[in-house]
Amino acid sequence: MNIGQQFGVFFSSFFSIVTNPVQMLLLFGSTLLGIIFGALPGLTATLGVALLTTLTYGLPLETAMVALLGIYVGAVYGGSYGSIMINIPGTASAAATALDGYKMALRGEAGRALGLTTTSSAIGTAFGMFFVVIFTPLIAALALQFTSFEFFLLAFFGIMISGSISCPDTVQKGWISGFLGLFLAMVGRDQLQVYPRYTFGITDLESGIEIVPVLIGAFGIPQIIQVLKDRTITAEPTKLDRVLPSFREIGRNIMHILRSALIGVGIGAVPGIGEDIAAWVSYGTAKKASKHPGKFGTGCDEGIIASETANNACIGGAMIPLLSMGIPGSPPAAMLLGAILIHGIAPGPMLEIEHPGFTLKVSAILLLASFAMWVIGILLAKQVVKLLRVPATLFMPVVAVLCLIGSYALGLKVFNLYLMIPMGILSYYLTDMGYPLPPLVIGVILGGMADANLRRGLMVSQGSLAPFFTRPVALILLIVIVFTFVTNTSMYRNFTAKFKKNKGEK
Amino acid sequence: MMDKSKLRGADIITGVLFFILGIYIIAEALTMPLKDSYAGVESVWYVSPALMPLIIGAAMIFLAVYIIVFAFRHGGVAALKMMMAERKGEKFLSDKNIRYAAVLVPLISMVYLNLTRIDFFITIVLFLVYTITVFHVDDAQIMRKLTFLYTAEMVFFLLLVVSGLDKLLTKLFAYSNDILALIYIATIIIAFSRNIRKSGVEIYRKRFAQAMWMTWMTPVVLVPAFRFMLRVPLPFEGIIVNAMSFVYYAIKQ
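From a predicted model like this one, the values you see are computed outputs, not experimental measurements.

**Q** Describe the overall build of chain B, with residues and values.
**A** Each helix and strand in chain B was counted, giving 10 helices and two strands. Counting from the amino terminus, chain B carries its helices and strands in the arrangement α-β-β-α-α-α-α-α-α-α-α-α. Over its C-alpha atoms chain B spans a radius of gyration of 26 Å, topping by over 25% the 18 Å that the globule rule assigns to 253 residues. In terms of overall dimensions, chain B has C-alpha extents of about 65 × 55 × 35 Å along its principal axes. Considering chain B as a whole, with its 253 residues, one finds that 46% of them fall into the buried category. Here the contacts in chain B between residues at least 6 apart in sequence split such that 72% fall between residues at least 24 apart. Total accessible area on chain B is roughly 12,800 Å²; 70% of this is exposed by carbon and sulfur atoms.

This is the structure:
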C-alpha cells in the first residue's frame, strides 16, 4: 500500500466508525467504563480489557476492537482520578501522578489538574497512534525476513527484557517467571509430533492451556484476593471545581509533552513493559530535565503531565510489537492479543498480508478513543469522581463472578475455570514474593511459537546451530540476550564495581 | 510485595520449589521420544518434543540455584528462621488467616463444588451473599462466625457429593441441590442479620442493606444477559434459570 492508499484506508475506517451510531455509542460507553475501571482502586486496565473480551467475543472484530481499545485508553487515563482526588492511584500507571496531583487538589486545583491530565493523556494517546501507523508496517516488513531462528530468539528476548525491567526484585526472578510461562505453554500435545507433554493423562489438557483463562486468572484473581484480603480504605474525594483544560499551559509544556510521549511509546514498544514503568521513567526524566527539580512532588504541572502523557502514549507503543510481531508490549496488550486471537486473527508479520488495513483501523480507533476520552473527561469528571466513594468490597466479589462467567463463556469449558483458580492463586503468591507476572504471560503466549520455531529451524539446518551466528538479526538478538544475562550477574557487577574503584584510586 | 526483610527467607523456599520443578520438567522430558520413533516417525534430537522442555528445565534449575545462593548470601537463613518463629507464634485460626480463608473458601467452593451442581443463579447468590457482606461489613467477630458457618455448609455439601447422596437426592427431586443451596443462603442472611443486630453498630445495617442489594442485582442482570442475550448455555441450569427460560420463551412466543 502506498501512502495515499494508507490515508484512504485510515480515513475510511475513521468515518465508518464516526457515521455508525452503534459503534460510536460503544466507543463512548466502553471509554467511560474504562475511566470508571481505572478510577476505582483495585480495578485495572488489564482486568477491564479481560472482562470486556468475554463480553465482546460474539461481536464482529472491528466492533469488538472499538470496545476493547476504548476501555484500554479510558482505564489508563482513569487511574489519574484516584491519584488526584484521594491520593490512591486507581491503577499502578497513575502512581507517579499522585505525587503532584494530590498536592494540587489540596491547593484547590483538582479541576485544573484533571484538565491537564485529560488533555495530556489525549495527546499522548494520539501521539502513540501516530507511531503505530509509522512503525508497525516497518517492523512487520523486517519481521517478514525472519526465519524460525529469529522467532525462537524473539521469544527469549521478550522474556529476558520484560523479566529484567518489570522485576521489582532480582532480575533472575523475572526470568524464572518467564520460564515458568514457557513451561505452561508446553502443556498439551506438541505442534510437530502431536506428542502429549505434561498432561497427566487429563484429556482436557491435551489441547493445551488456553491463553485467555490463564490471563484472567493471572491478572484478575490476585487482584481480587489482594483487595479483599487487605483492608481497603475509601477516602473522601477532595472538592472538584470546574474541569478546565488549560490550553495555554499545555502550549507552554508542549516540548515536555512530546518528550514524555516519546518515552511512553519507546517503553511501550518493549515486550511486556507496562504503562506504570513508562509513567515513572517519564516522571524521572522530567524531573532531571527540569530547571526547578525541587518543585516536583509539591504539586507542579510538569509532574502530572509527564506521567499521564507517557502512560497513555505507552498504549500506542505496546500496539507496535503486538501488531507487527504478535508480541504484546504491555499486560493489557497481552489481553488484547488474546481477544484478537479469539476472533481468528493472528497478529504478526503476516497480519497486513492476510488482513490488509487492520493496523490502520486500529490506529483510527485509537485516535477516536483518545477523543472520546477527552470529551468524557471534560464533561463527566464530576460524576466519575462520585464513584470513588464506592468501596472496593462492594464490587470486587462481582468482578470475581464476571471473571468466572467470562472465562467459561469463551470456550464453554468448565475446565477453564478449574485452571483459572490455581493460576490465580499461583500468580498471587508469585507477585507477593517478587516474581513479576508480565514475563510469565509473555512466556505462555510465546512458548508455542518458540518451541515450534526452534525445532523447525533445526530441522532445516539439520541440527546445526550455525544460523544463530550467521544470520544478522539472529546474531543481534543473541548478543542482546547474552548481554542482558551477563550484565545482570553479580560477577559482572562485582567486576565493574572493582574496575570503577581502581579507576578512582588511580 | 512481601517485606524485604522476609523476602530472602521466602526466596529459599521458592528457589527450592523451582529447583524441584526444573528437575521434574527434565525427568518428564527424558521420557519423551528423543531418538526413537513415535507414531511411526523416526525422531532426532533436534525435532524431539523434549528439546524445549529440556532447555526450560535446565534454565529453571540454573536460575533457582542462583536465587537460593543469592538468598543465602543476603541473610536468607536468618529471614527464614524469623519467618518460622513468627509462624510458630501465630494461631492457626488467627484473624489474618480467617480473612484469607474468607476470600478463598467461597471462591474455591463456587468453582469446584457448586458450579456444576447448583443452579447458576443460586451459585452466584450463594457466593455473593457471603463474600460481599462479610467484607463490606468488615467486623472480625462477624467474619469469624460467618466463615465457620459458610465452611460448615460447604463441607456438608462436599460430603453429600463424595458419598453420592446428592445424585440420589436429585433422582428423587431434580432441584434438591438448589433447594439445599437456597436454605444455605437463607441461613447466611439470618446469621448476618442476627449478628449485625447484636453488634449494635448502626453503619453495619446500612452496609448489610447495600450488600444485599448488590448480591441480588448482580445475577438478575448477569444471568439473563449471558443466557438470553449472549446465548451462553450456563454451567448448570436449575430451578431459577429454568424458570427464567420458561418465562422468556413464553413471552417470545
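Here the narrative resumes.
**Q** Can you break down the overall build of chain A residue by residue, with the values?
**A** The helix and strand tally for chain A stands at 22 helices and two strands. Here the C-alpha radius of gyration of chain A, 23 Å, is about what a compact globule of 506 residues would show, namely 23 Å. Sorting the 506 residues of chain A into buried and exposed places 62% on the buried side. Here the contacts in chain A between residues at least 6 apart in sequence split such that 79% fall between residues at least 24 apart.

**Q** Go over the packing of aromatic side chains, please, and point to the residues and values.
**A** Between two aromatic rings, the relevant description is the distance of the centres plus the angle of the planes. Residues and elements named next belong to chain A. Scanning the entire structure with this criterion turns up 35 aromatic pairs over all chains. Measuring from ring centre to ring centre gives 6.2 Å for phenylalanine 130 and phenylalanine 131, while their planes differ by 80°; the resulting arrangement is edge-to-face. Given a relative accessible area of 47%, phenylalanine 130 falls into the partly exposed group. Overall, phenylalanine 131 belongs to the buried group, its relative accessible area being 15%.

**Q** Talk me through the environment of isoleucine 183 of chain B; I want residue IDs and the actual numbers.
**A** Following the sequence through the fold, isoleucine 183 of chain B ends up in helix H8 (residues 176-199). In this structure isoleucine 183 of chain B comes out as partly exposed when scored by relative accessible area, which is 47%.

**Q** Which residues make up a positive patch on the surface, and what values go with them?
**A** Residue and element names in this part refer to chain B. There is a patch of like positive charges on the surface, built from Lys145, Arg194, Arg197, Lys198 and Arg205. Looking at which element gives the most residues to the positive patch, the answer is H8, with three residues. Along the chain, lysine 145 turns up in helix H6 (residues 140-163). We classify lysine 145 as partly exposed; its relative accessible area is 41%.

**Q** Go over unusual backbone geometry with me, naming the residues and quoting the values.
**A** All names here are of chain A. Positive phi, close to 50°, is recorded for tyrosine 198, a residue that is not glycine. Relative to the helices and strands, tyrosine 198 is located in the loop between strand S2 (196-197) and helix H9 (211-229). Phi is positive for glutamine 462, close to 55°, though the residue is something other than glycine. Take glutamine 462: it is sitting in the loop between helix H19 (437-460) and helix H20 (467-470).

**Q** Provide a residue-level description of the pattern of salt bridges, including the pertinent values.
**A** The full count for this structure, using the stated rule, is 19 salt bridges over all chains. When the shortest N-O distance is used, the salt bridge between aspartate 95 of chain B and arginine 144 of chain B registers 3.0 Å. Of this pair, aspartate 95 of chain B sits in helix H4 (residues 95-114) while arginine 144 of chain B is found in helix H6, placing the two residues 49 residues apart along the sequence. For aspartate 95 of chain B, a relative accessible area of 45% gives the class partly exposed. Within this structure, Arg107, Glu109, Arg112, Glu249 and Asp301 of chain A form a network of salt bridges that share partners.

**Q** If you had to explain the packing of helix H17 (residues 392-411) of chain A against helix H5 (residues 120-137) of chain B to someone new, which residues and values would you point to?
**A** Running from N to C, H17 of chain A and H5 of chain B cross one another at 150°; their axes reach a closest spacing of 8 Å. The angle between H17 of chain A and H5 of chain B places the two elements in the roughly antiparallel class. As H17 of chain A runs across H5 of chain B, the sense of the crossing is right-handed. Between H17 of chain A and H5 of chain B, the contacting residues are Thr393, Leu394, Pro397, Val398, Ala400, Val401 and Ile405 of chain A on the first element and Phe120, Ile124, Phe127, Leu128, Thr131, Ile132, Phe135 and His136 of chain B on the second. Grouping the constituent residues of the contact of H17 of chain A with H5 of chain B by class yields 12 nonpolar, three polar and no charged.

**Q** Talk me through the interface of chain B and chain A; I want residue IDs and the actual numbers.
**A** Interface size is commonly expressed as the accessible surface area that is lost when the partners come together. With 69 residues of chain B at the contact, the number on the chain A side is 72 residues. Taken together, both faces of the contact between chain B and chain A bury some 6,300 Å²; the carbon and sulfur share is 76%. When the buried surface of chain B facing chain A is broken down by residue, Tyr46, Met52 and Tyr100 of chain B rank first, second and third, together holding 10% of it. Our count for the contact surface shared by chain B and chain A stands at two salt bridges. Put simply, arginine 8 of chain B and aspartate 169 of chain A hold a salt bridge, and the shortest N to O gap is 2.7 Å. Our count for the contact surface shared by chain B and chain A stands at 14 residue pairs in polar contact (both at pLDDT 80 or more). Going through the elements one at a time, helix H1 (4-29), helix H2 (51-73), H4, H5 and helix H9 (202-229) of chain B are the ones with two or more residues in the side of chain B that touches chain A.

**Q** Explain the side chain of glutamine 172 of chain A to me, and be specific about the residues and the numbers.
**A** The residue glutamine 172 of chain A is located in helix H8 (residues 171-186) in this model. Looking at glutamine 172 of chain A, the relative accessible area reads 3%, which means it is buried. With near-sequence residues (within four places) excluded, glutamine 172 of chain A lies in contact with Asn488 of chain A together with Leu63, Tyr66 and Ile67 of chain B.

**Q** Just give me the short version of helix H7 (residues 148-166) of chain A, but keep the residues and values in it.
**A** With 19 residues, H7 of chain A should cover 27 Å at 1.5 Å per step; its first-to-last C-alpha distance of 27 Å lies within 8% of that length. Of all the 19 residues making up H7 of chain A, 17 are buried; the element is thus mostly covered by neighbouring parts of the structure.

**Q** Hey, could you go over a nonpolar patch on the surface for me, with residue numbers and the actual values?
**A** All names here are of chain B. On the surface, Ile13, Val16, Leu17, Phe19, Ile20, Ile23, Val65 and Val69 cluster together into a nonpolar patch covering about 640 Å² of accessible area. Sorting the residues of the nonpolar patch by element identifies H1 and H2 as the ones contributing at least two each. A total of six residues in the nonpolar patch trace back to one element, the largest contributor, which is H1. Tracing the backbone shows valine 69 in helix H2.

**Q** Account for the packing of helix H6 (residues 110-144) of chain A against helix H13 (residues 301-325) of chain A, with residues named and values stated.
**A** Residues and elements named next belong to chain A. At a minimum axis distance of 6 Å, the contact between H6 and H13 shows a crossing angle of 25°. Relative to H13, the element H6 lies roughly parallel. Classified by chirality, the crossing of H13 by H6 is right-handed.

**Q** I'd like a rundown of the confidence of the model for chain B, residues and numbers included.
**A** Model confidence for chain B is summarised by a mean pLDDT of 91, while 97% of its residues fall at 70 or above. Note on the complex model: pTM 0.86, ipTM 0.91.

**Q** Give me the environment of serine 148 of chain A: which residues, what numbers.
**A** All names here are of chain A. For serine 148, the location among the structural elements is in helix H7. In the structure, serine 148 is positioned 127 residues away from proline 21 in sequence and 44 Å away in space, judged by C-alpha atoms. Residue contacts for serine 148: discarding those within four places in its chain leaves Asn453, Arg456 and Gly457. Polar side-chain contacts of serine 148 include one of 3.5 Å to the side chain of asparagine 453.

Conventions and cut-offs
Residues numbered from 1 in each chain as written. Chains lettered and ligands numbered in written order. Predicted model: local features only at pLDDT ≥ 70, side-chain atom pairs only at ≥ 80, totals over all residues. Heavy atoms only, no water. Helix = DSSP H or I, 4+ residues; strand = E, 2+ residues; numbered from the N terminus. Rg over C-alpha atoms; globule rule 2.2 N^0.38 Å. Buried < 20%, exposed > 50% of the residue type's maximum accessible area, 1.4 Å probe, protein only. Contact = heavy atoms within 4.5 Å. Areas by Shrake-Rupley, 256 points an atom, 1.4 Å probe, with all protein chains shown as cover. Phe/Tyr/Trp six-rings, centres within 6.5 Å; stacked < 30°, edge-to-face > 60°. Patch = residues over 30% accessible without salt bridge, like charges linked within 9 Å, V, L, I, M, F, W, Y side chains within 5 Å. Salt bridge = Lys/Arg side-chain N within 4 Å of Asp/Glu carboxyl O. Lys, Arg positive; Asp, Glu negative; His and termini not counted. Charge placed at Lys NZ, Arg CZ, Asp CG, Glu CD. Axes fitted to C-alpha atoms, helices over the stretch in contact; angles between N-to-C directions. Parallel < 35°, antiparallel > 145°, perpendicular 65-115°, else oblique. Left-handed = near helix turned anticlockwise from the far one by under 90°. Nonpolar A, V, L, I, M, F, W, Y, C, P; charged D, E, K, R; others polar. Buried area = accessible area lost by both parts, 1.4 Å probe. Polar contact = N/O pair within 3.5 Å; in protein donor to acceptor, adjacent residues only side chain to side chain. Expected span 1.5 Å × (residues − 1). pLDDT = per-residue confidence, 0-100.

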